[in-house]
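A look at the structure
Listed below are the residues making up each chain.
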Amino acid sequence: MKLTRGILLLAIAGLHVLAPPSALAADEPMAVVVAEGSRHRVEGLPALAEIYRRKKQYWPDGQHIEPINLPADDPRRQRFSQVVLGMPPDRLDAYWNELYFHGVLPPTVLQSVEAVLRFVSMTPGGIGYVPLCSIDNRVTIALTIDTGGSAAERFSPAACKREQPVR
Amino acid sequence: MLLAQPATPALAQQAVADDTGYQLGHGWQVPDTDLTLGGYAASSLDKVQGQPWTLDVNSLSLFLWWQPLERLKLFSETELENALTVQQRRTSSDGAYLALERLYADWTQSDALNLRVGKFLTPVGRWNLIHAAPLVWTTSRPLITSEPFPTNATGAMVYGTLTSVGAGLDYSLYGSIGKELRPNHRLDTFNKAYGAHLSYPVQDSLQLGISFANFEQINERGERKNLVGVDATWSRGGYEVSTELGWRFSSEGDNSAEKGGFIQGVAPLGGKLYAVGRYEYFRESGSQPGVNLWLVGLDYRWNRALILKSEYSKAVDNRIDAKEGFLLSVAVLF
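Remember, it's a predicted structure, so these values are computed and weren't measured experimentally. (Residues numbered from 1 in each chain as written. Chains lettered and ligands numbered in written order. Predicted model: local features only at pLDDT ≥ 70, side-chain atom pairs only at ≥ 80, totals over all residues. Heavy atoms only, no water.)

All right, on to the overall build of chain A then. A tally of regular secondary structure across chain A gives six helices and six strands. The secondary structure elements of chain A, listed N-terminal to C-terminal, are α-β-α-β-α-α-β-α-β-β-β-α. With 167 residues in all, chain A has 57% of them scored as buried. When the accessible surface of chain A is split by element, carbon and sulfur atoms take 55% of a total near 7100 Å². (Helix = DSSP H or I, 4+ residues; strand = E, 2+ residues; numbered from the N terminus. Buried < 20%, exposed > 50% of the residue type's maximum accessible area, 1.4 Å probe, protein only. Areas by Shrake-Rupley, 256 points an atom, 1.4 Å probe, with all protein chains shown as cover.)

Below is the structure:
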């Protein structure tokens with residue numbers, strides 16, 4: 001059984017071939033997403049930072065939180081890290097080394113937005129971030145981060161059209 | 001049917017590792033298990049005052065953690081110390097010692113409440129909790145971070161992060177009744193001890209901590225000691241300033257008291273090169289006056305997992321034979 005799940009996740013991890021990161025992606029508004037139907041929500045950027053620093057590892061209902069990151073060189077990861085954690089990913093190396101020394105690993109990295117959406121939609125407790133306009137009915141928005149870096153819990157579909165950069 | 005299967009963190013890690021290849025400093029998830037292997041190694045070349053050049057394989061440390069249940073984690077760190085020493089064309093492994101650094105079980109009730117039972121690092125200050133060679137900027141260790149207290153404890157600890165307190169207050173409360181698991185014969189271990197450590201991120205760039213411990217050691221039974229300490233770390237843009245101060249009081253009076261501290265600065269010089277400077281003071285029990293140690297160093301941080309360090313230290317009033325001289329080392333986290 002574990003092997004089939006492993007194959008599935010390998011397939012997810014390989015989806016980046018289909019969706020390479022865009023240079024414009026860093027300017028897009030972002031959605032922090034959980035699985036469709038999940039009641040898990042995030043109360044603002046400080047709470048999101050605690051999740052992505054692995055300081056907060058459990059949802060209020062006791063479910064383990066499974067945060068997902070995009071690759072460190074992805075412009076969306078760079079921006080997310082700067083806005084939420086206050087620094088770029090490479091400046092967190094010392095922090096993750098310290099946690100690793102105590103047996104705590106950083107969030108799992110998946111290579112594409114589609115991989116994040118699939119993982120989050122299939123994983124109870126999963127949470128990830130994707131461009132706002134890439135979400136679909138597999139996930140629910142837990143928080144949005146606009147182009148200015150401000151967070152909001154509500155999402156207006158119009159925001160996607162309004163804020164989507166010209167390609 | 002397949003898509004309905006929930007993923008597990010272990011398998012997610014495996015998927016990533018398989019996709020990107022093994023990376024130094026990230027450990028290795030044993031396929032199809034909840035077992036992770038990791039560790040670090042360090043080797044040094046030094047010329048300390050009064051001794052010939054010495055090449056040492058200082059440490060080879062293996063981490064192993066297993067998470068059989070979502071809330072239960074078993075962790076161990078076994079370290080082969082001084083595996084090999086080369087001095088004046090003589091190679092020796094006489095000083096080799098297999099140390100059990102950590103062996104514990106963690107039960108997580110919530111983010112705020114975790115129970116640890118076993119042998120763990122004594123939560124005093126910051127350096128002792130992150131002392132692995134690839135994680136620190138200097139080969140030598142400030143005396144205040146190891147001399148006034150046993151660096152390991154066997155017992156129980158309650159710890160967690162109080163996320164309701166500002167940006168998250170980390171706390172740990174612990175107790176020991178001695179009976180150290182595989183006690184290191186080079187250390188004077190706890191006979192009885194209890195203590196606490198608090199750490200709080202004032203800002204993204206500033207972390208403050210305070211420590212307290214009350215203890216008795218195996219070789220000094222009957223002497224009760226109280227240790228208080230403060231620590232702070234500021235870092236931004238590659239710069240870092242850190243300090244630890246400690247005072248240890250004894251039921252045997254002022255002659256058995258110890259105190260000291262250090263302040264260390266790190267500055268990026270461009271690329272992967274960093275300058276390091278440190279001043280420390282330490283007054284050992286029964287020693288007057290205390291030793292003053294100055295250190296300058298140059299480090300090359302190749303990547304997150306690999307660091308090359310060079311340093312020169314000079315002491316004043318060195319009546320306790322604190323190491324001074326040149327040290328070169330390489331350390332890797334794997």
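So, on to empty space enclosed by the protein. Gaps between atoms show up when a probe of the same size as a water molecule is rolled over them. Within the structure shown, the criterion is met by four cavities of 30 Å³ or more. In terms of lining residues, the largest cavity is bounded by 14 residues, among which B:Val124, B:Ile144, B:Gly229, B:Glu244 and B:Leu245 are the most central. Sorting the residues of the lining of the largest cavity by element identifies strand S12 (225–236) and strand S13 (239–250) of chain B as the ones contributing at least two each. A per-element tally of the lining of the largest cavity places S12(B) first, with four residues. A class-by-class count of the residues in the lining of the largest cavity yields eight nonpolar, five polar and one charged. Computed from the structure, the second largest cavity encloses a volume of approximately 60 Å³. In this structure, the second largest cavity is lined by A:Tyr52, A:Asn69, A:Arg77, A:Phe80, A:Ser81, A:Leu85, A:Leu92 and A:Trp96. (1 Å grid on protein atoms, 1.4 Å probe; cavity = no way out; pocket = protein on both sides within 12 Å on 5 of 7 lines; lining within 4 Å. Points joined across faces, edges and corners; volume = space filled by probe spheres on them. Nonpolar A, V, L, I, M, F, W, Y, C, P; charged D, E, K, R; others polar.)

Let's shift gears to the sheet that holds strand S3 (residues 108–109) of chain A. By definition, the strands of a sheet pair up through backbone hydrogen bonds, in either a parallel or an antiparallel sense. Residue and element names in this part refer to chain A. Across the sheet, six strands lie side by side as S3-S2-S4-S1-S5-S6; this open sheet has mixed pairing. Each edge of the open sheet is held by one strand with a lone partner, namely S3 and strand S6 (151–152). Here strand S5 (residues 139–145) pairs with S6 via two bridges, running antiparallel. Looking at the pairing, Thr-144 lines up with Ala-152 of S6. (Pairing = 2+ DSSP bridges.)

Attention now moves to helix H2 (residues 44–52) of chain A. Across the nine residues that make up H2(A), a large majority, eight, are buried. Listed as buried for H2(A) are A:Gly44, A:Leu45, A:Ala47, A:Leu48, A:Ala49, A:Glu50, A:Ile51 and A:Tyr52.

On to the packing of aromatic side chains. Aromatic ring pairs are defined here through the distance separating the ring centres and the angle between the ring planes. Residues and elements named next belong to chain B. One pass over the full model with this rule turns up 20 aromatic pairs over all chains. Taken together, a centroid distance of 5.0 Å and an interplanar angle of 50° make the contact between Trp-137 and Tyr-274 tilted. Of this pair, Trp-137 sits in the loop between strand S7 (113–121) and strand S8 (152–162) while Tyr-274 is found in strand S15 (residues 273–283), placing the two residues 137 residues apart along the sequence. Comparing Trp-137 with Tyr-274 shows no difference in burial state: the two are buried. When the ring of Tyr-194 is compared with that of Phe-212, the centres are 6.4 Å apart and the planes differ by 55°; the resulting orientation is tilted. (Phe/Tyr/Trp six-rings, centres within 6.5 Å; stacked < 30°, edge-to-face > 60°.)

What follows deals with the confidence of the model for chain B. One rule of thumb: low pLDDT means the predicted coordinates there are not for detailed reading. Residue and element names in this part refer to chain B. With 94% of its residues at a pLDDT of 70 or more, chain B has an overall mean of 91. Element-level pLDDT for chain B is lowest in helix H1 (residues 9–20), with a mean of 45, against a maximum mean of 98 in S7. When the criterion is pLDDT under 50, residues 1–20 qualifies, and its contacts beyond four places in sequence or with other chains add up to 46 contacts. (pLDDT = per-residue confidence, 0-100. Contact = heavy atoms within 4.5 Å.)

It is the contact of H2(A) with helix H3 (residues 75–85) of chain A, at a shortest axis distance of 9 Å, that shows an interaxial angle of 115°. In this structure, H2(A) uses A:Leu45, A:Leu48, A:Ala49 and A:Tyr52 to contact H3(A), whose residues at the interface are A:Phe80, A:Val83, A:Val84 and A:Leu85. (Axes fitted to C-alpha atoms, helices over the stretch in contact; angles between N-to-C directions.)

Attention now moves to the nonpolar core. Formed by 46 residues in total, the largest nonpolar core has its most connected members in A:Phe101, B:Tyr40, B:Phe63 and B:Phe215. In this structure, A:Ala47, A:Trp59, A:Leu99 and A:Val139 belong to the second largest nonpolar core, which totals 41 residues. (Core = buried A, V, L, I, M, F, W, Y, C linked by side-chain atoms within 4.5 Å.)

Take B:Thr161: it is sitting in strand S8. On the basis of relative accessibility, which here comes to 9%, the residue B:Thr161 falls in the buried class. Setting aside residues no more than four positions away along its own chain, B:Thr161 makes contact with A:Lys55, B:Asp111, B:Ala112, B:Gly168, B:Leu169, B:Asp170 and B:Tyr171.

Residues and elements named next belong to chain B. Strand direction decides the pairing type here: S7 and S8, joined by eight bridges, are antiparallel. In the strand pairing of S8, Gly-118 is matched with Gly-155. The pairing of S8 with strand S9 (residues 169–176) spans eight bridges and is antiparallel. Across the sheet, Ala-156 pairs through a bridge with Gly-175, a residue of S9. In sequence, S8 turns back onto S9 through a hairpin of six residues, with Gly-166 there showing a positive phi of about 50°.

What follows covers the pattern of salt bridges. Per the stated rule, a full pass over the model turns up 15 salt bridges over all chains. For A:Arg118, the salt bridge goes to A:Glu114, with nearest N and O atoms at 3.0 Å. Here A:Glu114 and A:Arg118 lie together in helix H5 (residues 113–122), a separation of four residues that amounts to about one turn. Overall, A:Glu114 belongs to the partly exposed group, its relative accessible area being 24%. We note a salt bridge from B:Arg116 to B:Asp106, for which the minimum N-O separation is 2.8 Å. Placement of B:Arg116 in strand S7 and of B:Asp106 in strand S6 (residues 97–110) is noted, with a sequence separation of ten residues between them. No difference in accessibility class separates B:Arg116 from B:Asp106, as the two residues are buried. When salt bridges with common partners are traced through the structure, they connect A:Glu114, A:Arg118, A:Asp136 and A:Arg138 into a single cluster. (Salt bridge = Lys/Arg side-chain N within 4 Å of Asp/Glu carboxyl O.)

All names here are of chain B. Relative to the helices and strands, Asn-114 is located in strand S7. Judged by its relative accessible area of 8%, Asn-114 falls in the buried class. Within the structure, the side chain of Asn-114 is placed 2.8 Å from the side chain of Thr-108, a separation counted as a polar contact. Sequence-distant contacts of Asn-114, defined by excluding residues within four places in its chain, comprise Trp-107, Thr-108, Met-157, Val-158, Tyr-159 and Gly-160. (Polar contact = N/O pair within 3.5 Å; in protein donor to acceptor, adjacent residues only side chain to side chain.)

Inspection of the secondary structure puts B:Gly25 in the loop between H1 and strand S1 (28–29). Considered as a pair, B:Gly25 and B:Gly38 are 13 residues apart in the sequence and their alpha carbons are 7.5 Å apart. Leaving out residues up to four positions away in the same chain, B:Gly25 has contacts with A:Tyr100, B:Arg304, B:Ala305, B:Leu333 and B:Phe334.

Another point: the pairing of strand S1 (residues 30–35) of chain A. Residues and elements named next belong to chain A. In terms of burial, S1 is largely enclosed, as six of its six residues are buried. Here S1 pairs with strand S4 (residues 126–131) via four bridges, running antiparallel. Its bridge partner lying in S4, Met-30 is registered against Pro-131. Two elements, S1 and S5, share six bridges in a ladder whose sense is antiparallel.

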